[in-house]
Amino acid sequence: DVFLFAATEGVPPVGSAGDVRAAQFAPNRAIMWPFLEQARAAGFTGLFLVVSDPVDLLAQAAFFDSNAGADGAFGGDGLAPERVAGLGLGVMWGRALGRARGEGWERAVARSGAVYGPHSAEVVAFDDLTRPNAARSKALSETAREGNLKIRRLGHLPYVGPGVSSVGLMLPPLLRGEEILASVLVDGIYFGGPARMEWGIYPTPRRMAPRVWRSLNDLHAFLTAQARSLGLLWADP
């Protein structure tokens, strides 16, 4: 029913420079490929959930590689796009809520806020989707983005937080059909946000202020360009 991809060739050691998540894309994509082949051969219709970094790009690759024919064109005989999802956003929200707790905002943020985008430095968090406070939202976003780096600066690789927040706390409600945080297909790319499983995993709607909507549109455009540069989108007919 569910295939959970959490394998990795190796995590860059503490002290490594650059984007440690992006560095894992090519090797982890190669590890994932044989499982996609097996899924296609078996006509697998279960959920294909990605945990390995970079979560969102690997979810994109899972759908793309599964459905690409020998000539690279869309074949359509692989995984259904709504049956693929990335689990990485939970820890970002957990870090944002940790900041909110320290500031005394936790109850209000948990009730009215949300986090969107990738499990990376581009993630954005809002204290209130309908009436966002710019300073609070900026603080929450920065904390979500930098939490990974802070743990590494302490001399540790961040396994526990992501394992608990993005996987342990997300899988049970996901399988019960409740709302979780996941990267799901939104207008061609895998984009993180509140989602829920029906037959597939779909984004759940939220009321939001125009400034929030514009911010998410800009982020979606940026991530679309990133996916295109990596060859993870089919050309328009």
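Higher on the page you've got the structure.
Treat the numbers as computed from the prediction; the structure is a model and nothing was measured.

Caption draft 1: How the structure looks around the overall build of the protein chain. Within the protein chain one finds 8 helices and 8 strands. The globule rule puts the C-alpha radius of gyration for 237 residues at 18 Å, and the 17 Å found for the protein chain is close to it. Considering only intrachain contacts with a sequence separation of at least 6, the fraction spanning at least 24 residues in the protein chain is 66%. Surface summary for the protein chain: the accessible area is close to 11800 Å², and the carbon and sulfur share equals 56%.

Caption draft 2: How the structure looks around a nonpolar patch on the surface. On the surface, Y159, V160, V164 and L169 cluster together into a nonpolar patch covering about 440 Å² of accessible area. On the secondary structure map, V164 appears in helix α6 (residues 160–168).

Caption draft 3: How the structure looks around the pattern of salt bridges. Tallied over the entire structure, the rule returns 7 salt bridges. Measuring nitrogen to oxygen at the nearest pair gives 3.2 Å for the salt bridge that ties E103 to R99. Here E103 and its partner R99 are both found in helix α3 (residues 89–103), 4 residues apart, which amounts to about one turn of the helix. Here R101 ties to E106 by a salt bridge, and the two come within 3.0 Å at their closest N and O atoms. For R101, a relative accessible area of 52% gives the class exposed. Taken together, the shared-partner salt bridges in this structure form one network comprising E37, R40 and D77.

Caption draft 4: Expanded view of the side chain of S166. Within the secondary structure layout, S166 lies in helix α6. Looking at S166, the relative accessible area reads 2%, which means it is buried. At 3.2 Å, the side chain of S166 and the backbone oxygen of G88 are in polar contact. Of the polar contacts made by the side chain of S166, one reaches the backbone nitrogen of G90; its length is 3.4 Å. Among residues more than four places away in sequence, those in contact with S166 are L87, G88, L89, G90, V91 and G161.

Caption draft 5: Main features of the pairing of strand β6 (residues 180–186). Across the 7 residues of β6, 5 count as buried, placing the element largely inside the fold. Pairing analysis gives 7 bridges linking β6 to strand β7 (residues 189–197), with the strands arranged antiparallel. Within β7, the position partnered with I180 by the bridge is A195. The antiparallel pairing of β6 with β7 creates a hairpin that spans 2 residues between the two strands, and D187 there sits at a positive phi of about 50°.

Caption draft 6: Summary view of the environment of F126. Relative to the elements of secondary structure, F126 occurs in strand β5 (residues 124–126). Separated by 30 residues in the primary sequence, F126 and A96 place their C-alpha atoms 9.1 Å from one another. Discounting residues that sit within four places of it in the chain, F126 has contacts with G113, A114, Y116, P132, S137, L140, V212, S215 and L216.

Caption draft 7: The packing of helix α1 (residues 25–42) against helix α2 (residues 55–67), seen in detail. Contact pair α1 / α2: the axes reach a minimum separation of 9 Å and the direction vectors enclose 40°. With respect to α2, the axis of α1 lies oblique. The way α1 lies across α2 gives a crossing that is right-handed. In this structure, α1 uses F25, N28, R29, M32, W33, L36 and R40 to contact α2, whose residues at the interface are L57, L58, A61, A62, F64, D65, S66 and N67.

Calculation notes
- Residues numbered from 1 in each chain as written.
- Predicted model: local features only at pLDDT ≥ 70, side-chain atom pairs only at ≥ 80, totals over all residues.
- Heavy atoms only, no water.
- Helix = DSSP H or I, 4+ residues; strand = E, 2+ residues; numbered from the N terminus.
- Rg over C-alpha atoms; globule rule 2.2 N^0.38 Å.
- Contact = heavy atoms within 4.5 Å.
- Areas by Shrake-Rupley, 256 points an atom, 1.4 Å probe, with all protein chains shown as cover.
- Patch = residues over 30% accessible without salt bridge, like charges linked within 9 Å, V, L, I, M, F, W, Y side chains within 5 Å.
- Salt bridge = Lys/Arg side-chain N within 4 Å of Asp/Glu carboxyl O.
- Buried < 20%, exposed > 50% of the residue type's maximum accessible area, 1.4 Å probe, protein only.
- Polar contact = N/O pair within 3.5 Å; in protein donor to acceptor, adjacent residues only side chain to side chain.
- Pairing = 2+ DSSP bridges.
- Axes fitted to C-alpha atoms, helices over the stretch in contact; angles between N-to-C directions.
- Parallel < 35°, antiparallel > 145°, perpendicular 65-115°, else oblique.
- Left-handed = near helix turned anticlockwise from the far one by under 90°.

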